[in-house]
Amino acid sequence: APSAVRKIMKFEGEAEFNAAFQRRLKETRAERGWTHAQLATGLQLKLETYKKYENRLGSTFPIHLLPRLALITDKPVAYWLGAPSVNPSKLRIVR
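Conventions we followed
- Residues numbered from 1 in each chain as written.
- Predicted model: local features only at pLDDT ≥ 70, side-chain atom pairs only at ≥ 80, totals over all residues.
- Heavy atoms only, no water.
- Helix = DSSP H or I, 4+ residues; strand = E, 2+ residues; numbered from the N terminus.
- Buried < 20%, exposed > 50% of the residue type's maximum accessible area, 1.4 Å probe, protein only.
- Polar contact = N/O pair within 3.5 Å; in protein donor to acceptor, adjacent residues only side chain to side chain.
- Contact = heavy atoms within 4.5 Å.

J.: Sorry if this is basic, but what is going on with the side chain of Arg-29 here?
T.: Examined against the element boundaries, Arg-29 turns out to sit in helix α2 (residues 14-32). A residue is classified by how much of its surface remains accessible, and Arg-29, at 14% relative accessible area, is buried. Looking at Arg-29, its side chain comes within polar contact range of the side chain of Glu-54, at 2.9 Å. Setting aside chain neighbours within four positions, we find Arg-29 in contact with Trp-34, Thr-35, His-36, Leu-39, Tyr-50 and Glu-54.

Pasting the structure below:
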């Protein structure tokens, strides 16, 4: 039964979402010039736990850490969830 539950909990595109999230983690860490340890500390995670979220396929980043990740990286939660970036200067009010 546990394997049946695991199959139900998967959603279409989950692997792609996780891979894209891991890519954003790596890219952001590199942009900032941070080590794995620095970002792990900022997220209040053990180093090995953080590395698992960044590198191991199938490891899902905990949703409760998204606000902290957004704060310390200065990137909105929407970015971490894969929303397309929007240039605020391109926005206009439509009446």
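Moving on, there is more to tell.
J.: Before we go on, may I ask you to explain the environment of Leu-71 in this structure?
T.: Relative to the assigned elements, Leu-71 resides in helix α5 (residues 66-73). Exposure remark for Leu-71: the relative accessible area of 68% places this residue in the exposed category. It is 9.9 Å that separates the C-alpha atoms of Leu-71 and Leu-43, two residues lying 28 residues apart in sequence.

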